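Chain and residue survey
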Amino acid sequence: GEDVEQSLFLSVREGDSSVINCTYTDSSSTYLYWYKQEPGAGLQLLTYIFSNMDMKQDQRLTVLLNKKDKHLSLRIADTQTGDSAIYFCAEILYGGATNKLIFGTGTLLAVQP
Amino acid sequence: ETGVTQTPRHLVMGMTNKKSLKCEQHLGHNAMYWYKQSAKKPLELMFVYNFKEQTENNSVPSRFSPECPNSSHLFLHLHTLQPEDSALYLCASSQGGTRGLQTQYFGPGTRLLVL
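Just so you know, these numbers come straight off a predicted model, no measurement behind them. Within each chain, residues carry numbers counting from 1 in the order of the written sequence. A letter from A marks each chain and a number from 1 marks each ligand, given out in the order of writing. Restriction of local features to residues with pLDDT of at least 70 applies here, the model being predicted, together with a cutoff of 80 or more for giving and counting side-chain atom pairs; totals for whole chains, interfaces and linings are based on all residues. As a convention, hydrogens and water are excluded, and side-chain values are obtained from all of the structure's heavy atoms.

So, about the overall build of chain B. Broken down by element type, chain B carries 0 helices and 11 strands. Here a strand is any run of E in DSSP of at least two residues, a helix any run of H or I of at least four, and the numbering for each starts at the N terminus. Along the chain direction, N to C, the helices and strands of chain B fall in the order β-β-β-β-β-β-β-β-β-β-β. Projecting the C-alpha coordinates of chain B onto the three principal axes gives extents of approximately 40 × 30 × 30 Å. Under the scheme applied here, a residue whose accessible area is under 20% of the maximum for its type counts as buried, over 50% as exposed, and between as partly exposed, the area being computed with a 1.4 Å probe on protein chains only. Counting across all 115 residues of chain B, residues that qualify as buried make up 47%. Here, two residues are considered to be in contact whenever any of their heavy atoms come within 4.5 Å of each other. Excluding contacts between residues fewer than 6 apart, the proportion of contacts in chain B whose partners are at least 24 apart in sequence is 54%. For the accessible areas, the method is Shrake-Rupley and the probe is 1.4 Å, while residue cover comes only from the protein chains on display. Surface exposure of chain B reaches about 5,500 Å², of which carbon and sulfur atoms provide 50%.

Written out as structure tokens, the structure is:
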């Protein structure tokens, strides 16, 4: 199937680390993405990782990829109230004349002051 | 700003109305996408255009009619919608083609309410 799974909700305190997990479906996916959606807004690309990497760090964000288990995670260090949003992971599927992103259900991150 | 704009940002329409959503990208991309985002549902891909050709129609009802006159503009024409069509409609664009990074950049969305 094409279901990308995420936990629905995560609550952390300001200053703590947040870890958002994702399980994807297609072991041949070459790129995996993390997007952020703030209330009333579109999806904002946060970062992506190529499938031959197992880790990528970008300032406060760390992406870990376990290809064997098809598991992706996003760690946000020193979480701030401005990080409160819905976070979506996505895998890319290529097929025929098109390509498409398969999105997870999204994880709502609530940061408590 | 992602380089993808959508108008209008909010739209209220009756079930007998005809309206259109507009999306424009300023990124030089060749692929454009329409998504529907409803409460408590995963993001649903509706249509894909690659180099102005429609390459994906994800079993979308005919009351939604897309149009892509060039690689920079995408429309979604709406006709005799149902209340369950109320949702956030998101447009995205990517480089185009069938391989490579293909990162999608999203517009802010049109919040649609059908009465």
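Back to the write-up after that little detour.
Looking now at the overall build of chain A. Along its length, chain A carries 0 helices and 11 strands. Secondary structure of chain A in N-to-C order comes out as β-β-β-β-β-β-β-β-β-β-β. In this description the radius of gyration comes from C-alpha coordinates, and the expected globular size is given by 2.2 Å times residues to the power 0.38. By the compact-globule yardstick of 13 Å for 113 residues, chain A fits well, its C-alpha radius of gyration being 14 Å. Its C-alpha atoms give chain A principal-axis dimensions of about 45 × 30 × 20 Å. The contacts in chain A between residues at least 6 apart in sequence include a share of 55% that link residues at least 24 apart. When the accessible surface of chain A is summed, it comes to about 5,300 Å², and 49% of that surface belongs to carbon and sulfur atoms.

The strands that make up a sheet pair up through hydrogen bonds in the backbone, lying either parallel or antiparallel. All names here are of chain B. A pair of strands is labelled paired if DSSP reports no fewer than 2 bridges between them. Strand order in this open sheet of 4 strands is β1-β3-β8-β7, and the pairing throughout is antiparallel. Sheet topology places β1 (4-7) and β7 (64-70) at the edges, where each strand pairs with a single neighbour. Pairs of neighbouring strands in the sheet enclose a mean axial angle of 20°, with direction left out of account. Direction of pairing for β7 relative to strand β8 (residues 73-79): antiparallel, over a ladder of 5 bridges. In the sheet register, serine 65 faces β8, and the bridge partner there is histidine 77. Here an angle of 0 to 180 degrees is reported between the N-to-C directions of two axes, which are lines fitted to C-alpha atoms, with helices fitted over the stretch in contact.

This brings us to the sheet that holds strand β3 (residues 18-23) of chain A. Residue and element names in this part refer to chain A. One open sheet holds the 5 strands; their spatial order is β1-β3-β8-β7-β6, and the pairing between them is antiparallel. Unpaired on one side and paired on the other, β1 (5-6) and β6 (55-58) mark the two borders of the sheet. In this sheet, strand β8 (residues 71-76) lies alongside strand β7 (residues 61-66) in antiparallel orientation, the contact comprising 6 bridges. By the bridge assignment, leucine 64 is partnered in β8 with serine 73.

This brings us to a nonpolar patch on the surface. Together, Leu8, Phe9 and Leu108 of chain A make up an exposed nonpolar region whose accessible area comes to about 320 Å². Tracing the backbone shows phenylalanine 9 of chain A in strand β2 (residues 9-13). Here the term patch refers to residues with relative accessible area over 30% and no salt bridge, with like charges joined within 9 Å and nonpolar side chains (Val, Leu, Ile, Met, Phe, Trp, Tyr) within 5 Å. Whenever a carboxyl oxygen of Asp or Glu lies within 4 Å of a side-chain nitrogen of Lys or Arg, that contact is scored as a salt bridge.

The linkage connecting threonine 7 of chain B with the following residue, proline 8 of chain B, adopts the cis geometry, with an omega of -10°. Inspection of the secondary structure assignment puts proline 8 of chain B in the loop between β1 and β2 (10-13). Its identity is not glycine, yet lysine 70 of chain A carries a phi of approximately 55°, on the positive side. Relative to the helices and strands, lysine 70 of chain A is located in the loop between β7 and β8.

By themselves, these are just geometric observations and shouldn't be taken as functional.
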